[in-house]
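# A structural walkthrough
What follows is the residue order along each chain.
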Amino acid sequence: MYKVVFVLGPPGSGKGTICAQIQENLGYVHLSAGDLLRAEREREGSQFGALIENHIRNGSIVPVEITCSLLEIAMIAREDANGFLIDGFPRNEDNLAGWKRQMGEKVNEQFVLFLSCPVDVCIDRCLHRGQGRTDDNVDSLKKRVDTYNQSTFPIIEHFEKLGMVREVNSERPVNEVYADVVKVFAAANQQ
Ligand SMILES: Nc1ncnc2c1ncn2[C@@H]1O[C@H](COP(=O)(O)OP(=O)(O)O)[C@@H](O)[C@H]1O
Ligand SMILES: Nc1ccn([C@H]2C[C@H](O)[C@@H](COP(=O)(O)OP(=O)(O)O)O2)c(=O)n1
Ligand SMILES: [Mg+2]
């Protein structure tokens with residue numbers, strides 16, 4: 001069984017930043033659904049490149065069969081891992097249902113780390129992220145925030161009802177956010 005922590009929050013809430021630090025210090029392997037999709041978009045011979053780019057620019061969500069397969073392939077490649085941080089997934093009902101179908105029997109879902117941050121702060125961070133992403137512009141960001149509010153937040157609420165959500169306010173400086181995140185992992189791993 002793979003041990004899995006889902007990391008969710010609005011675009012720019014700091015998911016990638018915090019996951020990199022957890023990977024470095026706690027031995028979890030960081031898998032960003034967005035990074036895997038961008039890599040697949042660039043892969044020569046991929047039949048999904050154009051479809052992925054359309055969704056990324058539109059701030060809409062790629063069909064789960066594609067994303068979940070990329071995640072599973074990446075997990076199989078790191079079967080030695082202590083656990084996995086699944087960053088930016090599941091982002092909607094389709095993601096959640098497809099994950100349950102494909103991975104439900106193979107994973108132990110530890111908890112959901114929810115990085116909460118006001119949307120205006122998040123948008124500002126994305127506009128200054130400096131990674132040259134095709135979706136870090138005002139138009140795409142509006143759509144991504146709509147998708148977050150309409151489709152992703154209900155998934156967080158679903159996990160909340162199951163008692164699985166650990167919320168950390170990520171509006172603060174990274175070192176403060178990280179310190180609280182470490183406490184969440186310590187508590188979860190004590191059980
Ligand atoms: N706590 C924080 N305070 C200020 N800036 C942050 C913080 N966390 C992340 N950032 C910056 O905000 C941008 C988005 O962070 P990132 O980790 O890519 O977020 P996400 O993966 O949730 O979209 C990056 O430029 C990052 O350096
Ligand atoms: N589960 C996912 C995750 C990301 N995507 C697509 C759509 C998202 O707007 C983009 C970018 O996702 P990414 O997690 O990299 O974005 P943020 O880190 O939240 O800014 O990728 C997806 O279709 N399905
Ligand atoms: Mg990210």
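In what follows, the structure referred to is the one given above.
Residues numbered from 1 in each chain as written. Chains lettered and ligands numbered in written order. Predicted model: local features only at pLDDT ≥ 70, side-chain atom pairs only at ≥ 80, totals over all residues.

## Focus: the overall build of the protein
Along the protein, the regular secondary structure elements total eight helices and five strands. Along the protein, helices (α) and strands (β) appear in the sequence β-α-β-α-α-α-β-α-β-α-α-β-α when read from the amino end. Here the C-alpha atoms of the protein give a radius of gyration of 16 Å, agreeing with the 16 Å that 2.2 N^0.38 yields for 191 residues. Along the three orthogonal principal directions, the C-alpha set of the protein runs to about 45 × 35 × 30 Å. Counting the 191 residues in the protein, one finds 34% classified as buried. Of the contacts made within the protein by residues no fewer than 6 positions apart, 81% connect residues no fewer than 24 positions apart. (Helix = DSSP H or I, 4+ residues; strand = E, 2+ residues; numbered from the N terminus. Rg over C-alpha atoms; globule rule 2.2 N^0.38 Å. Buried ≥ 20, exposed ≤ 12 C-beta atoms within 10 Å, placed from the backbone. Contact = placed C-beta atoms within 7 Å.)

## Brief notes about unusual backbone geometry
Look at the link from Phe89 to Pro90: it is a cis peptide, with omega at -5°. Its place among the elements puts Pro90 in the loop between β3 (83-87) and α5 (93-103).

## Focus on the pairing of strand β1 (residues 2-8)
With five of seven residues buried, β1 is to be regarded as a mostly interior element. Here β1 pairs with strand β4 (residues 107-116) via seven bridges, running parallel. The residue of β4 that forms the bridge with Val4 is Glu109. (Pairing = 2+ DSSP bridges.)

## Observations regarding the site of ligand 2
Near ligand 2 you find 20 residues, and of these Pro11, Ala33, Gly34, Val62 and Gly88 are the closest. Among the elements of the structure, α1 (15-26), α2 (33-42) and α3 (49-58) are those that each provide at least two residues to the shell around ligand 2. With three residues, α2 is the single largest residue contributor to the shell around ligand 2. (Near = placed C-beta within 6 Å.)

## A closer look at the packing of α2 against α3
Where α2 contacts α3, the axes come no closer than 8 Å and their chain directions differ by 135°. One finds that α2 runs oblique with respect to α3. Where α2 crosses over α3, the handedness of that crossing is left-handed. Within the contact between the two elements, α2 uses Leu37, Glu40 and Arg41 and α3 uses Gly49, Ile52, Glu53 and Ile56. (Axes fitted to C-alpha atoms, helices over the stretch in contact; angles between N-to-C directions. Parallel < 35°, antiparallel > 145°, perpendicular 65-115°, else oblique. Left-handed = near helix turned anticlockwise from the far one by under 90°.)

## Some details on the site of ligand 1
Taken together, 14 residues surround ligand 1, and among them Gly14, Lys15, Gly16, Thr17 and Arg125 come closest. Of all the elements in the fold, those that place two or more residues in the shell around ligand 1 are α1 and α8 (174-190). Top contributing element to the shell around ligand 1 by residue count: α1, with three residues. Considered class by class, the residues forming the shell around ligand 1 number four nonpolar, seven polar and three charged. (Nonpolar A, V, L, I, M, F, W, Y, C, P; charged D, E, K, R; others polar.)

## As for the sheet that holds strand β2 (residues 28-32)
Strand order in the open sheet formed by five strands is β2-β3-β1-β4-β5, with parallel pairing between adjacent strands. Both edges of this open sheet fall to β2 and β5 (165-169), since each of them pairs with a single strand only. On average, adjacent strands in this sheet sit at an angle of 25° to one another, irrespective of strand direction. Here β1 pairs with β3 via four bridges, running parallel. Counterpart to Val7 in the pairing with β3 is Asp87. The sheet contacts of α2 involve β2 and β3, and relative to β2 the element is tilted by about 55°.

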